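Coordinate inspection notes
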Amino acid sequence: MSRGSKDQAREYLERESRALAAKAARGEDIAADRMDALNRLARLIEIRDAAAPRRRAWWPAGAFAGALVIVSALLFARVTETDIETDLLVSELRFATAGEELVSGALRVNSLGVSGLHEIRVPSATRADDDNVESDAGDQAAVRISPAAAAKRAGTVALAPLILPAGAHVALRTAESPREYVLSLQASGRELRADVEGAVSVGVAGSPPRLYEFASPKPIVLRIGSGDVDLALTFPSVPQMLLAPQLSVRGLSFARVDQFIGAGRSLVRRVSTILSGTLFLESLDGEKRQLRPGEELEFEESSGEIRMLRLEDNQIAVRYHGRVRGMTAGSGEGLHSLMPTYLEWMRARHGLSLFWGATLYLSGLIAGVLRWWGVRV
């Protein structure tokens, strides 16, 4: 029986059934042979429908495939940005100022060595051996300033508050000598100032140190050249707070580049400066991750603030809070992404909603699949 004839038979049965129902309503007699014929036709239609292959809806399969795609994306796709906080001990760190910043307040030191200067201006004072010094040695001038060891009046040396423009590159590392640290700056044309008083030794590169007696506080002006300037700071004691609190920075890095030059070849490698510490993933409710000595922690982009920087014996304690992109950790070829997946982010931010939504979705999906296979639910 073709589909057209099947439809005609069903229409005929429905039409005749309505006609008989109308006669019965009017109280008219209905012929028994006509009723038998219609009953046989209805039975044949039922047998035909039962034997016909069941047509299945394909939407449950499509929904299941779509669910797999969504779940895979949630499991493996990672958010582009995340908030973090670090509490680390390092031997070196680098960053750039986000705006014009007060990088540090006044720092009293036992010794201040500065290289990469364009000009050095020492004010007039009562001196033990000669007159005032003024040096202009291109961009290679260097000076070391320290309180005189043997003098009637002990001297003091302090680096004046340091203000740098937006985008100035800063690096801080430990040195070999105890309580000595090297602060490197890239801020051409800027002036540094060392405030001195009492007996002070000033040694300009290429000349023997000279002893000065400053009866009142005086400034030694140091003009930075076109390249980097290095400040070797030796403190009377540690721990010592160095940078201003809540310093806005970008491009934070906990790595250095080592270069080895041998016979006819050179080797350059990037080395982590992390000694130990903890990384907190703020977007995952502060989930912690311990960092091992020498483990790399890198950011494609970062913007935030250094909330604390403390100089300790042969190490630097730094606390940073910011927003980062492309965060990876590990060693060598074992670098892996630490950016949260979308599923982790949703679980931390919308855990209850995610649970109920997933439950309702899976329940509906399972019911649809069962109906697709002909199972009554």
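Nothing here was measured: the structure is a model prediction, and the numbers come from that model.

For the rest of this paragraph, the subject is the side chain of S283. Here S283 shows up in the loop between β20 (274–281) and β21 (287–291). In this structure the side chain of S283 is engaged in a polar contact, spanning 2.6 Å, whose partner is the side chain of T82.

Next up on the list: the pattern of salt bridges. Under the definition given, this model contains 19 salt bridges. A salt bridge links E85 to R307, with the nearest nitrogen and oxygen atoms 3.7 Å apart. Of this pair, E85 sits in strand β1 (residues 81–90) while R307 sits in strand β23 (residues 301–312), and the two are 222 residues apart along the sequence. Among the ionic contacts, a cluster of salt bridges with common partners joins E81, D83, E301, R323 and R325.

The element strand β13 (residues 191–204) is largely enclosed, with a buried count of ten among its 14 residues. Where strand β9 (residues 156–159) meets β13, four bridges bridge the pair, whose relative direction is antiparallel. Bridging from a neighbouring strand, V157 pairs with V196 of β13. The turn joining β13 and strand β14 (residues 210–224), which pair antiparallel and follow one another in sequence, is formed by five residues; a positive phi near 90 degrees is taken by G206.

One can find S253 in strand β17 (residues 247–253). Among all residues touching S253, those that are not within four sequence positions of it are L93, R94 and R270.

To continue, consider the nonpolar core. With 67 residues, the main nonpolar core has L93, L231, L233, F254, L297, L309 and M327 as its most contacted residues. Top element by residues in this core is β13. It accounts for six residues. With residues up to four places along the chain from it excluded, the contact list for F254 reads T86, L88, V90, E92, L93, V271, S272, T273, I274, L297, F299 and V318.

Looking now at the packing of aromatic side chains. This model, assessed by the stated rule, comprises two aromatic pairs. Judged by centre distance (6.3 Å) and plane angle (55 degrees), the ring pair of Y181 and F235 falls under tilted. Taken together, the residues Y181 in strand β12 (residues 180–186) and F235 in the loop between β15 (229–234) and β16 (240–241) connect sequence positions 54 residues apart. Of the residues examined, Y181 reaches a relative accessible area of 1% and is grouped as buried. The buried category is assigned to F235, whose relative accessible area is 0%. Aromatic side chains Y212 and F214 sit 5.8 Å apart centroid to centroid with 15 degrees between the ring planes, which places their arrangement in the stacked category.

Glancing now at the pairing of strand β8 (residues 141–147). β8 sits mainly inside the fold: five of its seven residues count as buried. Of the pairings in the sheet, the one linking strand β5 (residues 111–121) to β8 comprises five bridges and is antiparallel in character. The partner of S115 across the bridge, within β8, is A142. Bridge analysis of β8 against β13 gives five bridges, and the strand direction is antiparallel.

In space, the three strands of this open sheet follow the order β22-β25-β26, with antiparallel pairing throughout. In the strand order of this sheet, the two ends are held by β22 (296–298) and β26 (336–337), each with one partner. Relative to β26, strand β25 (residues 328–330) is paired through two bridges, and the arrangement is antiparallel. When the sheet's bridge partners are listed, A329 is paired in β26 with H336.

What follows covers the environment of M308. Residue placement: M308 occurs in strand β23. Its relative accessible area of 11% is what places M308 among the buried residues. Separated by 65 residues in the primary sequence, M308 and L243 have C-alpha atoms spaced 7.5 Å apart. Not counting residues up to four positions away in its chain, the partners in contact with M308 are M241, A317, V318 and R319.

About the cut-offs
- Residues numbered from 1 in each chain as written.
- Predicted model: local features only at pLDDT ≥ 70, side-chain atom pairs only at ≥ 80, totals over all residues.
- Heavy atoms only, no water.
- Helix = DSSP H or I, 4+ residues; strand = E, 2+ residues; numbered from the N terminus.
- Polar contact = N/O pair within 3.5 Å; in protein donor to acceptor, adjacent residues only side chain to side chain.
- Salt bridge = Lys/Arg side-chain N within 4 Å of Asp/Glu carboxyl O.
- Buried < 20%, exposed > 50% of the residue type's maximum accessible area, 1.4 Å probe, protein only.
- Pairing = 2+ DSSP bridges.
- Contact = heavy atoms within 4.5 Å.
- Core = buried A, V, L, I, M, F, W, Y, C linked by side-chain atoms within 4.5 Å.
- Phe/Tyr/Trp six-rings, centres within 6.5 Å; stacked < 30°, edge-to-face > 60°.

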